[in-house]
Amino acid sequence: MKKILILGGGTGGTIMANKLRSILDRSEWDITLVDQYKTHYYQPGFLFIPFGIYNKNDVIKPKSDFFPPGVNVIFSEIDLIEGDKNQVKLGNGKILNYDFMILATGTQTRPEETPGLKEDLWYKRIFDFYTIEGAVALREFIKTWEGGRLVMNIAEIPFKCPVAPLEFVFLADAYFHEAGIRDKINITYVTPLPGAFTKPHATKMLSGLLEEKNIKVIPEFYLERVDNKEKKIISYDGQEIPFDLLTIVPVNMGNDLIERSGMGDDLNFVPTDKQTLRSEKYENIFVLGDASNIPTSKAGSVVHFAAEVLLENLLSSIDGKPLYAKFDGHANCYIETGFGKGSIIDFNYDTEPLPGTFPLPGVGPFGLLQNTKFNHYGKVIFRWIYWHILLKGKELPIGPNMSMAGKKL
Amino acid sequence: MATKNYAGVAIDVNDEGYLTDPAQWTKEVAAELAKEEEIELTDKHYEVLQFLREETAKGSPLTIRKVGKSGIVDIKGLYELFPGGPLKKSSRIAGIDKPSSCV
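Residues numbered from 1 in each chain as written. Chains lettered and ligands numbered in written order. Predicted model: local features only at pLDDT ≥ 70, side-chain atom pairs only at ≥ 80, totals over all residues. Heavy atoms only, no water.

Residues and elements named next belong to chain A. Overall, antiparallel pairing links the three strands, which are arranged S15-S16-S17 in an open sheet. Bordering the open sheet on either side are strand S15 (223–227) and strand S17 (240–242), each of which pairs with just one other strand. Direction aside, the axes of adjacent strands within the sheet are offset by 20 degrees on average. (Pairing = 2+ DSSP bridges. Helix = DSSP H or I, 4+ residues; strand = E, 2+ residues; numbered from the N terminus. Axes fitted to C-alpha atoms, helices over the stretch in contact; angles between N-to-C directions.)

Next comes the structure, spelled out in structure tokens:
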């Protein structure tokens with residue numbers, strides 16, 4: 001019996017378990033998936049929790065609902081990957097061997113990487129919305145907040161879902177408008193990058209929204225520490241920004257397992273061939289999604305597209321053939337802009353988000369880089385698609401590689 | 001796309017003055033790019049520039065934190081070498097792309 005081991009039962013690991021089990025012969029291939037936690041979170045929904053649009057129950061389901069029969073699922077901590085021996089050591093000392101491994105251990109927020117961030121004001125005036133705990137605590141705070149300085153800060157790049165902090169400030173603007181207290185709130189978007197938008201077409205098409213919504217942008221602010229007493233964020237070059245409510249994207253890092261196993265870069269992301277999705281260190285390990293260091297967004301859509309390429313290359317590898325499938329870095333993301341509207345972007349390693357229609361040229365129904373009600377409906381419907389189609393590894397009517405059809409240069 | 005003369009050579013640059021072909025970069029070009037940013041390059045600067053170019057060639061995304069962990073210079077030191085937007089300026093002088101997001 002040959003063995004495939006999947007580490008991580010999030011979006012990527014679950015998709016691969018479903019795809020592989022439906023293709024590989026059960027009498028020849030044993031598939032095992034290991035994850036530490038039993039709950040699957042619909043992470044795009046976290047963004048809606050602070051504004052009371054979703055609650056906790058809207059974004060959680062048991063992971064086991066999505067694993068197919070015929071996959072051995074082990075809920076356990078993982079102590080070490082020993083790539084030279086083709087084995088993994090679990091937390092209880094048990095050894096799992098593999099012929100091929102799919103590494104899908106994701107990215108995590110690390111507020112403790114920034115001095116002062118996870119101290120007195122944590123979950124009192126400082127919140128993340130990348131964890132269920134953070135999103136729910138932020139909801140409780142916002143419910144009774146009477147106004148002041150709202151600062152949205154990104155501590156470091158790369159981070160999961162690069163458009164989420166933009167969506168957050170757009171939704172906050174709309175929420176406080178509707179609550180009748182927008183005039184009592186200053187919203188500031190603070191980023192280490194040269195701007196809130198950095199790509200020419202996206203800047204041209206969408207940066208007006210920030211001005212229109214009266215959201216101030218402070219670029220090139222690289223967070224050093226948080227002063228809890230004075231309620232200020234302070235950058236390495238001594239800029240200080242006071243806040244009453246700080247929403248933060250903490251430093252993102254790959255799982256500690258990656259570091260312990262000597263497989264990561266300085267942020268514990270796994271060096272991965274950006275086209276074949278194979279680990280640069282081990283020929284029989286493939287890396288899917290946020291855990292890898294491939295230069296595209298850390299996002300579920302990327303995982304979904306990359307999974308198809310990874311599957312083809314894994315099958316080639318099993319047959320001893322060259323890896324011919326090439327991932328292009330395709331990502332497709334909704335951007336909620338508030339007041340029931342949204343935008344959508346579609347891009348890859350080489351092509352920045354361009355205006356146009358998606359997925360059908362000239363028809364849409366989605367408008368790329370445009371701000372429409374229909375784009376927002378797309379995001380609303382997407383939750384159903386995620387649970388029922390995407391996680392199950394079923395086909396969606398969009399190929400893995402980006403298409404130029406419908407895009408305008 | 002435009003061409004600009006640096007160190008006696010015609011170099012391709014984009015609207016924001018970043019090199020579009022990292023292969024056209026030389027130390028001399030870097031020195032002239034640095035002058036436009038009002039920076040006089042030292043050996044330390046060149047070490048940082050070399051690091052940025054090597055990491056970029058490997059395809060790994062650059063961050064200030066990564067430079068800070070490089071052993072060449074810490075984060076405060078990087079700010080001193082390239083005051084006011086260290087990664088933006090050092091990237092331009094290193095002949096690589098401006099740090100960017102997906103949008």
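Turning next to the interface of chain B and chain A. Counting residues at the interface gives 21 residues for chain B, matched by 30 residues for chain A. In total, chain B and chain A occlude about 2,200 Å² of area from one another, counting both sides; carbon and sulfur atoms represent 58% of this. A per-residue breakdown of the area chain B buries against chain A is headed by Arg65(B), Cys102(B) and Val103(B), which together make up 35% of the total. Scanning the region where chain B abuts chain A turns up five salt bridges. Glu224(A) is paired through a salt bridge with Lys76(B); the nearest N and O atoms lie 3.2 Å apart. Counting across the chain B and chain A interface gives twelve residue pairs in polar contact (both at pLDDT 80 or more). Every element with two or more residues in the side of chain B that touches chain A is listed here: helix H3 (64–68) and helix H4 (75–81) of chain B. By residue class, the composition of the side of chain B that touches chain A is eight nonpolar, seven polar and six charged. (Contact = heavy atoms within 4.5 Å. Buried area = accessible area lost by both parts, 1.4 Å probe. Salt bridge = Lys/Arg side-chain N within 4 Å of Asp/Glu carboxyl O. Polar contact = N/O pair within 3.5 Å; in protein donor to acceptor, adjacent residues only side chain to side chain. Nonpolar A, V, L, I, M, F, W, Y, C, P; charged D, E, K, R; others polar.)

Residues and elements named next belong to chain A. Split by domain assignment, chain A resolves into domain 1 (2–108 + 253–318), domain 2 (111–251) and domain 3 (331–390). Computed over C-alpha atoms only, the centres of domain 1 and domain 2 are separated by 30 Å. Taken together, the contact pairs 19 residues of domain 1 with 23 residues of domain 2. Together, the buried faces of domain 1 and domain 2 total about 1,800 Å²; carbon and sulfur atoms form 75% of this surface. When the buried area of domain 1 at its contact with domain 2 is split by residue, Leu47, Pro50 and Phe51 rank highest and sum to 37% of it. The tally of links from domain 1 across to domain 2 stands at one salt bridge. Between domain 1 and domain 2 we count four residue pairs in polar contact (both at pLDDT 80 or more) in total. A per-class count over the side of domain 1 that touches domain 2 returns eleven nonpolar, five polar and three charged. (Domains from an automatic or database assignment.)

A few words on the packing of aromatic side chains. All names here are of chain A. If you walk through the whole model with that rule in mind, you get 25 aromatic pairs over all chains. Ring centres of Phe129 and Phe168 lie 4.7 Å apart, and the angle between their planes is 10 degrees; this geometry places the pair in the stacked category. Placement of the pair is Phe129 in the loop between strand S11 (126–127) and helix H2 (132–144) and Phe168 in helix H3 (residues 164–178), with a sequence separation of 39 residues. Classification of Phe168 by relative accessible area gives buried; the value is 0%. Between Trp145 and Phe176, the aromatic rings sit 5.7 Å apart at their centres with planes inclined by 70 degrees, giving edge-to-face as the arrangement. Of this pair, Trp145 sits in the loop between H2 and strand S12 (148–154) while Phe176 is found in helix H3, placing the two residues 31 residues apart along the sequence. (Phe/Tyr/Trp six-rings, centres within 6.5 Å; stacked < 30°, edge-to-face > 60°. Buried < 20%, exposed > 50% of the residue type's maximum accessible area, 1.4 Å probe, protein only.)

This paragraph deals with the nonpolar core. Residues Leu20(A) and Phe168(A) are the most contacted members of the largest nonpolar core, which totals 99 residues. When neighbours within four sequence positions are excluded, Phe168(A) is seen to be in contact with Leu47(A), Pro50(A), Phe51(A), Phe129(A), Leu138(A), Leu150(A), Met152(A) and Thr247(A). (Core = buried A, V, L, I, M, F, W, Y, C linked by side-chain atoms within 4.5 Å.)

Once the charged atoms of two side chains with opposite charge are near each other, the side chains can pair. Counted by the stated rule, this structure contains 24 salt bridges over all chains. We note a salt bridge from Glu82(A) to Lys85(A), for which the minimum N-O separation is 3.8 Å. The class of Glu82(A) is buried, set by a relative accessible area of 16%. Between Asp244(A) and Lys231(A) there is a salt bridge whose closest N-O contact spans 3.6 Å. Of the two residues, Asp244(A) is situated in the loop between S17 and strand S18 (245–249) and Lys231(A) in the loop between S15 and strand S16 (232–235); the sequence distance between them amounts to 13 residues. Using a relative accessible area of 13% as the deciding quantity, one classes Asp244(A) as buried. For Lys231(A), a relative accessible area of 23% corresponds to the partly exposed category. Among the charged side chains, a salt-bridge network with shared partners connects Asp266(A), Glu55(B), Lys58(B) and Lys66(B).

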